[in-house]
Every structure is written in C-alpha cells, then in structure tokens.
Amino acid sequence: MGLKLQPLLILTMLALLGASTFAYELQTSGAGGAPLRWSSKTVELAVSDSIFDSPNIRGSEHAYEAIARAAASWNTASGIQIVLSRSKALSVSPPGRKGDGLSLITIAQTPENLLLFSGFNSSRPAVTRLFFDGKGRILEADIVLNPYFSTSTDGSPGSFDLESTVVHELGHALGLGHSEVLGASMRNSVARNGLYSLPFTSARTLSSDDIAGVRALYGPADSEGHCCGSVAGTVERDGTGESEVFLWLEEKETGAVAAMTRVAASGGFRIDGLASGTYDVFTRDEGAGAASVGEVEIRKDVTSEVRYKSRAGTGRSLLSAVGFNGQLSTIAVPVNAGRSYKIYLSATAELEHFEFGASAPGIAVDRSATEFPDYGSEVSVAAFVVDVDDSVPEGEYTLRLYRNGEMVDCIVGSVSVEKAPNPWSHREL
Ligand SMILES: [Zn+2]
C-alpha cells in the first residue's frame, strides 16, 4: 500500500494461529510512513446494541463490562482514554477514503460486516478496520466480532474470550500491530477457551510489550513517574543476513520480557515506552538461534544509543512450539507463582541432546524429571517440570534451550505468570 498522503484503509486481524509477524510494532500509513495514532488523547467508541442481542455471545449480559474492562486496560497503561457509549448502529463503515465518523464495535450480521469475514478472514474471531489521513492520524476505528463464531464472557469451552478479543482489537484501533511475544495481548494468535484444558483469559492482561507499544504512541499514564525511556541502535549481523532478526529486552532482576522488536534489514531498531531500569538484551535470528548480546540501562526521557553484534552460528532455530497438558501450541502457557507445572517444548532437533531453562531466576527446571514423549517422527518433544517461585512477578518469561551451558534458542514469552488460576499444578511448592 504505497498510497501515502491519501486517506487509506487497512484491515488488521486476529488470527487463530498466525504466521510469525513482528513484535510490538506500530502500524504506519505505508512504507516509511508515520505511525498511525489518534491525535486526540480521547477516543470515543460506540458499543452496538447488537452486542447485547447476539445469540453468539454467551453471557452477553456481561458484555459491556467485559468491553469496559478491555478499554480500561489500555487507559490505565497509557495516556490514551477510550470512552465508551452505546449505539443502535449495526454496520461498520464500508471501505473508502472516509468512514461515517462513528467508531463502532459490533457483531451484527449485516452484509457490510459479514463481508469482512469472507475468504482469508473467515477463521478470524474479529477484524478492525481503520480510517486515517495522510499524516497517519486515525479518524475512525471499527471493530467487528465474527458473527459466525461463539464468543463468551464466561470461559465456555470452544468459544473465544470476549474481553481478550476486544483487548487485542482495541490495540489495533489505537495503532498497534502484532507482537512476537507469545504471552502478549497483541500476539497474532489466540486460543479458544479449552486449549491446555484452561479458559483462555491470558490476553485480557496487557503484557509489558503491549504496554511499551501503547506508551510509545501516547506516553505513559500521568501516574507513571519512572516512564519512559528508549533504546535505539543497530545490530550488526553475522552471516548472510537473509533471515529475520528480532531483538528483545528482559528485566535484569526478574527476567521478565519487557519489549521486543524486529530489526530492520539495515540493522536499525528502536524501542520506546520503556520503564527505567537495567535490561538484558537478546537477539534471535530466525536462521541461527538466539543469543545474549549485552545489556542496557534505560533512563526516563533518554534514548540509550547502542550497537550490538548478533551472534549467529551458535545454533539453528530449533524450537517450534510450547505445550501443556499434552497439547503443543504457539500460545503461552499460563502458570501461577508458588506452583510447579509440567511444560512441553517441541523442536526440529533431538531434544535429548539439550538442556532447558527459563529467563527468570525464580523459574527453575527440574532436570531430573525430563521426559521425551513420542509425538511422531517429525518433531522431538521434551516435557519437564518447572518450579515457579512464589516471588516471581506477573509477566511473560522465556523458555530457553541450552547446549553445553550456552543458550542456543528460546521461545520469547512462552510462559505467562498470572493471577488467573491454572489448577493443573504438578505439585505445590
Ligand atoms: Zn490482530
């Protein structure tokens, strides 16, 4: 879409199991264009009456509260205020240079809404249509929940969680793209309730990566005194440079994933919206595995300029999925502090030759209890018990693969420590 300087329309979507995309990423008005954002700090969004009448939302009497909580998550995290109202309107604005001026969230089965779920989008639980001008100013954001799918507020198995879905779509409505961090609300994958035999409510809670993204656009909430600083620089790539490279930060003290971004083909990167503190910095080359490349100190209102060398050649990209309760997926495993869980990893190499670990000092792998269950000849699977100490803060943590004591690959944000109970505990600590 090279139509810069013209009002444009783009679609952003929530996929079931999407291809990998970029990490906290901002949508732009075309290649090299300005990031999309609202110019006002207040965004008015109308909730269509169809949300309350829909037979496809189980527990629809709680739908407004779920949508209000989703809006509050973004409002609390940043300087933006999403203000809700109700509307009898049913349809999103049709594609074009301009919408009707009303930003709407709807599930009505109108022809205009249903068109959004034809073909490629048919498997998506929701779609957001943005209208913006040539300067990247968002003028209208319309969200349609897929009227063909079951959505719920009560965790009904097989349905999509309404609040999680709306959190994700509101992120698009504010200008965010998809995240590469597994536990992020803006991740381009969402599970139905029932994956891992759990209700899927993880995405209700914004990850640090989501929060950095929205703060990059709208700044922090007034109360956040320690925010925000930035890191920018280059990654010098070792090897052919054909594959994608991602760079991310983990809090030095806790190991929690703070934010992640895709490194440009030129080697340049930038992450804004970071809280002050010390971070370990990592890169993952899709063709060469993951490595620690250094650390950085983030200070409020300062951009730390850094230069890293990516250490390709330490391995190949080996890990393909994480899992729980016997199911493999690209969805983060939700766990609770103070408990221990059996977690799975799958890879394209024989996992018997590797060791496993986590980014958090408080998450320990019990090496004595690793099993290698048979999932067929295409994939190697390891199942091991992790002890999550009571002291581990809520957040996203990275499962790592080691060989001879050196990290060779990892899945960023593959374990999500959260409050929502995961009762499938291996043992109490
Ligand atoms: Zn999406």
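Scoring rules and cut-offs
- Residues numbered from 1 in each chain as written.
- Predicted model: local features only at pLDDT ≥ 70, side-chain atom pairs only at ≥ 80, totals over all residues.
- Heavy atoms only, no water.
- Helix = DSSP H or I, 4+ residues; strand = E, 2+ residues; numbered from the N terminus.
- Rg over C-alpha atoms; globule rule 2.2 N^0.38 Å.
- Buried < 20%, exposed > 50% of the residue type's maximum accessible area, 1.4 Å probe, protein only.
- Contact = heavy atoms within 4.5 Å.
- Areas by Shrake-Rupley, 256 points an atom, 1.4 Å probe, with all protein chains shown as cover.
- Lys, Arg positive; Asp, Glu negative; His and termini not counted.
- Charge placed at Lys NZ, Arg CZ, Asp CG, Glu CD.
- Salt bridge = Lys/Arg side-chain N within 4 Å of Asp/Glu carboxyl O.
- 1 Å grid on protein atoms, 1.4 Å probe; cavity = no way out; pocket = protein on both sides within 12 Å on 5 of 7 lines; lining within 4 Å.
- Points joined across faces, edges and corners; volume = space filled by probe spheres on them.
- Domains from an automatic or database assignment.
- Buried area = accessible area lost by both parts, 1.4 Å probe.
- Polar contact = N/O pair within 3.5 Å; in protein donor to acceptor, adjacent residues only side chain to side chain.
- Nonpolar A, V, L, I, M, F, W, Y, C, P; charged D, E, K, R; others polar.
- Disulfide = S-S within 2.5 Å.
- Expected span 1.5 Å × (residues − 1).
- Core = buried A, V, L, I, M, F, W, Y, C linked by side-chain atoms within 4.5 Å.

K.L.:
Looking at this structure, how should I read the overall build of the protein chain?
P.N.:
Per the secondary structure count, the protein chain includes five helices and 26 strands. Taking 429 residues into account, the globule formula puts the C-alpha radius of gyration at 22 Å, and the protein chain, at 21 Å, falls close to it. With respect to the principal axes defined by its C-alpha atoms, the protein chain has extents near 60 × 45 × 40 Å. When the 429 residues of the protein chain are sorted by exposure, 58% land in the buried category. Excluding contacts between residues fewer than 6 apart, the proportion of contacts in the protein chain whose partners are at least 24 apart in sequence is 72%. Entry remark: accessible area of the protein chain is about 17,100 Å², with carbon and sulfur atoms responsible for 51%. One finds the centroid of the 35 positive side-chain charges in the protein chain at a distance of 5 Å from the centroid of its 51 negative side-chain charges.

K.L.:
Could you clarify how one ought to interpret the pattern of salt bridges in this entry?
P.N.:
Oppositely charged side chains are able to pair whenever their charged atoms sit close together. In the structure shown here, the tally under the stated rule is 15 salt bridges. Among the salt bridges present, the one from Arg204 reaches Glu163, with a minimum N-O distance of 3.6 Å. Taken together, the residues span a long stretch of sequence, with Arg204 in the loop between helix H4 (162-174) and helix H5 (208-218) and Glu163 in helix H4 at a distance of 41 residues. On the accessibility criterion, Glu163 (6% relative accessible area) is buried. The residue Asp280 makes a salt bridge to Lys252 at a minimum N-O spacing of 2.9 Å. Placement of the pair is Asp280 in strand E14 (residues 277-285) and Lys252 in the loop between strand E11 (245-251) and strand E12 (257-262), with a sequence separation of 28 residues. The class for Asp280 is buried, based on a relative accessible area of 19%. Here the salt bridges share partners, and the residues they tie into one network are Arg69, Asp161, Glu163 and Arg204.

K.L.:
How do you make sense of the layout of surface pockets when you look at a structure like this?
P.N.:
Think of a ball as big as a water molecule: rolled over the atoms, this probe shows where empty space is left. Its volume calculated, the largest pocket comes out at about 700 Å³. As for the largest pocket, its lining consists of 34 residues, of which Leu206, Ser207, Ser208, Ile211 and Glu394 are closest to the centre. Breaking the lining of the largest pocket down by element, the ones donating at least two residues are helix H2 (63-77), H5, strand E13 (268-275), E14, strand E24 (395-403) and strand E25 (406-417). In terms of residues, the lining of the largest pocket owes the most to one element, H5, which gives four residues.

K.L.:
When you look at H5 in this model, what are you seeing that I'm missing?
P.N.:
An α-helical segment advances 3.6 residues per turn. Residues three or four places apart therefore align on the same side. Most of H5 is tucked away, with nine of its 11 residues classed as buried. The set of residues buried in H5 consists of Asp209, Asp210, Ala212, Gly213, Val214, Arg215, Ala216, Leu217 and Tyr218.

K.L.:
What am I meant to see in the domain arrangement of the protein chain here?
P.N.:
How large an interface is tends to be reported as the accessible area lost when its parts come together. Per the domain assignment, the segments of the protein chain are domain 1 (8-213), domain 2 (225-309) and domain 3 (319-428). Computed from C-alpha coordinates alone, the two centres of domain 1 and domain 3 are separated by 30 Å. Taken residue by residue, the interface counts 19 residues in domain 1 and 22 residues in domain 3. For the pair domain 1 and domain 3, the summed buried surface comes to about 1,500 Å²; carbon and sulfur atoms form 62% of the total. When the buried area of domain 1 at its contact with domain 3 is split by residue, Leu182, Tyr196 and Leu198 rank highest and sum to 47% of it. At the boundary of domain 1 and domain 3, one finds zero salt bridges. Counting across the domain 1 and domain 3 interface gives seven residue pairs in polar contact (both at pLDDT 80 or more).

K.L.:
Would you mind showing me how to read unusual backbone geometry here?
P.N.:
Where the residue is not glycine, phi is negative for most of them; where a peptide bond is considered, it is trans in most cases. With omega at 15 degrees, the peptide bond leading from Cys227 into Cys228 counts as cis. Relative to the helices and strands, Cys228 resides in strand E10 (residues 227-236). Located in the positive-phi region is Tyr196, a residue other than glycine, with phi close to 60 degrees. Mapping Tyr196 onto the fold places it in the loop between H4 and H5.

K.L.:
Looking at this structure, how should I read empty space enclosed by the protein?
P.N.:
This model, assessed by the stated rule, comprises four cavities of 30 Å³ or more. Residue lining of the largest cavity: 16 residues in total, with Leu182, Ala184, Ser189, Phe200 and Ala203 positioned closest to the centre. Counted by class, the lining of the largest cavity contains eight nonpolar, seven polar and one charged residues. Looking at the second largest cavity, its volume works out to about 50 Å³. Of all elements in the fold, only strand E2 (42-48) and H4 reach the threshold of two or more residues within the lining of the second largest cavity.

K.L.:
What exactly am I supposed to notice about the side chain of Ser78 here?
P.N.:
Inspection of the secondary structure assignment puts Ser78 in the loop between H2 and strand E4 (81-87). By relative accessible area, which is 2% here, Ser78 ends up buried. A distance of 3.1 Å separates the side chain of Ser78 from the backbone oxygen of Trp74, its partner in a polar contact.

K.L.:
Honestly, the state of the cysteines in this entry has me stumped. Any pointers?
P.N.:
Simply put, disulfide is the name for a covalent bond between the sulfur atoms of two cysteines. Taken as a whole, this structure holds one disulfide when the rule is applied. Residue pairing for Cys227: its cysteine sulfur links by disulfide to Cys228, the two sulfurs lying 1.9 Å apart. Handedness here is read from the sign of the S-S torsion; for Cys227 and Cys228, about 85 degrees, the answer is right-handed. A relative accessible area of 4% places Cys227 in the buried class. Look at Cys228 and you get buried, because its relative accessible area is 14%.

K.L.:
Please clarify how H2 should be interpreted in this entry.
P.N.:
Between the first and last C-alpha of H2 there are 22 Å, a value that for 15 residues agrees with the 21 Å anticipated at 1.5 Å per step. Taken together, the buried positions of H2 are occupied by Ala63, Ala66, Ile67, Ala70, Ala71, Trp74, Asn75 and Ala77. Contact partners of the buried residues in H2: E2, helix H1 (50-53), E4, strand E5 (104-106), H4 and H5.

K.L.:
How should the nonpolar core be read in this particular structure?
P.N.:
Most often, soluble globular proteins have nonpolar side chains that are buried together. The biggest cluster of nonpolar side chains holds 43 residues, and the ones touching the most others in it are Ile343 and Ile363. When contributions to this core are tallied by element, the ones reaching two or more residues are strand E17 (319-324), strand E19 (333-335), strand E20 (339-347), strand E21 (355-358), strand E22 (363-371), strand E23 (380-388), E24 and E25. A domain split of this core shows at least three residues from each of domain 1 (8-213) and domain 3 (319-428). Discounting residues that sit within four places of it in the chain, Ile343 has contacts with Val322, Gly323, Val333, Val335, Ala382, Ala383, Phe384, Val386, Leu399 and Val415.

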